[in-house]
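Notes for the structure review
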Amino acid sequence: MSILRTKQLLRKHSTPLVVGILALVLFVDPVAAQAAPPSGFEDIMSNLYDVVLLVLKYAGLVALSLGAIVWFTARRNSDRAENGMKLLIGGGAMTVFYFGVTIFVSVLEWIATP
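In this text the structure is predicted, and so the values were computed from the model without any measurement.

With respect to the overall build of the chain
Within the chain one finds four helices and zero strands. In the chain, the succession of α and β elements from N to C terminus is α-α-α-α. Relative to its full complement of 114 residues, the chain shows a buried share of 11%. Across the chain, the fraction of contacts at a sequence separation of at least 24, relative to all contacts at a separation of at least 6, is 61%. For the chain, the computed accessible surface area is about 9,700 Å², with 73% contributed by carbon and sulfur atoms.

Quick look at the UniProt feature "transmembrane region" (unreviewed entry) in the chain
Under the UniProt annotation, "transmembrane region" (unreviewed entry) lies at residues 51-74 and 86-112. The span residues 51-74 carries 92% helix and 0% strand; its end-to-end C-alpha distance comes to 33 Å. Annotated as 100% helix and 0% strand, the span residues 86-112 places its first and last C-alpha atoms 38 Å apart.

Details of a nonpolar patch on the surface
The grouping of Phe99, Ile103, Phe104, Val107, Leu108, Trp110 and Ile111 at the surface amounts to a nonpolar patch, some 810 Å² of accessible area in total. Relative to the helices and strands, Ile103 is located in helix 4 (residues 78-112). The exposed category is assigned to Ile103, whose relative accessible area is 55%.

Regarding the pattern of salt bridges
In total, this model carries one salt bridge according to the counting rule given. A salt bridge links Lys86 to Glu82; the nearest nitrogen and oxygen atoms lie 3.3 Å apart. With a gap of four residues between them, Lys86 and Glu82 both fall in helix 4, about one helical turn apart. Note on Glu82: relative accessible area 36%, which makes it partly exposed.

A look at the environment of Gly84
Relative to the elements of secondary structure, Gly84 occurs in helix 4. Taking the C-alpha atoms as reference, Gly84 lies 7.9 Å from Phe72; in sequence the two are twelve residues apart. Those residues within four positions of Gly84 in sequence are excluded, and the remaining contacts are Gly67, Val70 and Trp71.

Some words on the packing of aromatic side chains
The final tally for this structure, using the stated rule, is two aromatic pairs. Between Trp71 and Phe72, the ring centres sit 5.3 Å apart and the planes meet at 25°, which makes this aromatic pair stacked. Assessed through its relative accessible area of 35%, Trp71 is described here as partly exposed. Residue classification places Phe72 among the exposed residues on the basis of a relative accessible area of 65%. Ring centres of Tyr98 and Phe99 lie 5.0 Å apart, and the angle between their planes is 65°; on these two criteria the pair is classed as edge-to-face. Under the relative-accessibility criterion, Phe99 is labelled partly exposed at 48%.

Thresholds, definitions, all that
- Residues numbered from 1 in each chain as written.
- Predicted model: local features only at pLDDT ≥ 70, side-chain atom pairs only at ≥ 80, totals over all residues.
- Heavy atoms only, no water.
- Helix = DSSP H or I, 4+ residues; strand = E, 2+ residues; numbered from the N terminus.
- Buried < 20%, exposed > 50% of the residue type's maximum accessible area, 1.4 Å probe, protein only.
- Contact = heavy atoms within 4.5 Å.
- Areas by Shrake-Rupley, 256 points an atom, 1.4 Å probe, with all protein chains shown as cover.
- UniProt positions renumbered as here; feature names shortened; annotations may be inferred.
- Patch = residues over 30% accessible without salt bridge, like charges linked within 9 Å, V, L, I, M, F, W, Y side chains within 5 Å.
- Salt bridge = Lys/Arg side-chain N within 4 Å of Asp/Glu carboxyl O.
- Phe/Tyr/Trp six-rings, centres within 6.5 Å; stacked < 30°, edge-to-face > 60°.

Here it is in structure tokens:
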């Protein structure tokens, strides 16, 4: 039912959508051609990488510890035990992914460095 409604809305508003996309391309294209100095972009990407690593590390460790606490203190409450187990698995996966990303980037830097 929602697919049919979406198709109807797209048919009804197809001309304004096409005009909007073309206007966006015309207005953004000259700006996109003016590249900023690479050092600014590299700084932004480096800061973004650091933020992602910090979130993976600390959110993963917090979820891991909270999941263990909730799971081991659930007693006979199966919903609480299930939620604790999901938190534990998710936090463990985030922690493993943190170490995996760190190792992957280190290997790429080692390959790229002459």
